[in-house]
Amino acid sequence: MTTNTTHTATTAPATTAPDAFAPEEAPRLEWAKHAPEVWKAMLRLEKASAQGVEPKLRELVKIRASQLNHCAFCLDMHTKDALAAGESVERIVQLAAWEESRHFYTEQELAAIELTEAVTVLTDGFVPDEVYAKAAEFFDETELAHLIAAITVINAWNRFGVTCRLTPGHYTPGQFQ
C-alpha cells in the first residue's frame, strides 16, 4: 500500500537545496496488511458508494473532506485522481476556500461541498436542515443516498490514513481501483 522510500521533490525552490526537505516519515501501521478483510470491505463500500455520483464531483467531495480531516495521504490520492478525471488545478486549489470562491463551482457542487462539511464536522452537533434541504434540491433520493455514502466512506478512509500516518506522495492515479 505505501512504501518507506524517501520522497524527492522533482523541482526544489531555487534557494533551497533538494536535501533540505524534511525526511519522510514511515507509516505507523500498514493497517490493510493486518486487517485485510476490513480493507476489502472498505473497497467494496467505496465502489458501492460511487454509483450515481459523477466522478469529478466525487473527487471534490473527497478532497474537501480530506482537507477538513487533515489527511495528507487522501489529499495526495484524490487531487491526483481529480486531475486524471479532468478536474482543473484552479478548482482544486480554490476548494479550501470555496465559500469565498463560489463562482468556481456549480450550485449542485456547492450543495455537495456544503453537505460534505456538515457530515464531516459533526462536532457542530448535526447536519443542519437547510444544508440537507439544499442538497436534496439538486440530487434525487438515490443520488443523495450515494452522495452521503461517499462522504461517509471518505471520512472512514481519512481516519485510517491519519491514525496510521499513511505517507503521501507515492500514489499513482487509479492505483486502488
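The structure we're discussing is the one just above.
For clarity, every value in this text was computed on a predicted model and none was experimentally measured.

Novice: Account for a nonpolar patch on the surface, with residues named and values stated.
Specialist: There is a patch of nonpolar side chains on the surface, built from Leu83, Val89 and Val93 and spanning about 270 Å² of accessible area. Counting through the fold element by element, leucine 83 comes out in helix α4 (residues 72–84). Under the relative-accessibility criterion, leucine 83 is labelled partly exposed at 40%.

Novice: Mind laying out the nonpolar core, listing which residues take part and the relevant values?
Specialist: Trp31, Phe73, Cys74 and Trp157 are the most contacted members of the largest nonpolar core, which totals 15 residues. Going through the elements one at a time, α1 (31–34), α2 (36–50), α4 and α8 (141–163) are the ones with two or more residues in this core. Excluding residues that lie within four positions of it along the chain, tryptophan 157 makes contacts with Trp31, Trp39, Met42, Leu43, Glu46 and Cys74. The next biggest cluster of nonpolar side chains, apart from the first, holds 13 residues, and it includes Val53, Leu57, Val119 and Phe139.

Novice: Go over the pattern of salt bridges, please, and point to the residues and values.
Specialist: Opposite charge on two side chains permits pairing when their charged atoms draw close. If you walk through the whole model with that rule in mind, you get eight salt bridges. A salt bridge links glutamate 117 to arginine 64, with the nearest nitrogen and oxygen atoms 2.7 Å apart. Residue glutamate 117 is found in helix α6 (residues 107–120), and its partner arginine 64 is found in helix α3 (residues 55–69); the two are separated by 53 residues along the sequence. Pair check on accessibility: glutamate 117 and arginine 64 agree, each one buried. Residue aspartate 76 pairs with lysine 80 through a salt bridge whose shortest N-O separation is 3.0 Å. Here aspartate 76 and its partner lysine 80 are both found in helix α4, four residues apart, which amounts to about one turn of the helix. The class for aspartate 76 is buried, based on a relative accessible area of 13%. Take lysine 80: its relative accessible area is 24%, and that puts it in the partly exposed class. Sharing partners across several salt bridges, the network here consists of Glu87, Arg91 and Glu109.

Scoring rules and cut-offs
- Residues numbered from 1 in each chain as written.
- Predicted model: local features only at pLDDT ≥ 70, side-chain atom pairs only at ≥ 80, totals over all residues.
- Heavy atoms only, no water.
- Patch = residues over 30% accessible without salt bridge, like charges linked within 9 Å, V, L, I, M, F, W, Y side chains within 5 Å.
- Areas by Shrake-Rupley, 256 points an atom, 1.4 Å probe, with all protein chains shown as cover.
- Salt bridge = Lys/Arg side-chain N within 4 Å of Asp/Glu carboxyl O.
- Helix = DSSP H or I, 4+ residues; strand = E, 2+ residues; numbered from the N terminus.
- Buried < 20%, exposed > 50% of the residue type's maximum accessible area, 1.4 Å probe, protein only.
- Core = buried A, V, L, I, M, F, W, Y, C linked by side-chain atoms within 4.5 Å.
- Contact = heavy atoms within 4.5 Å.

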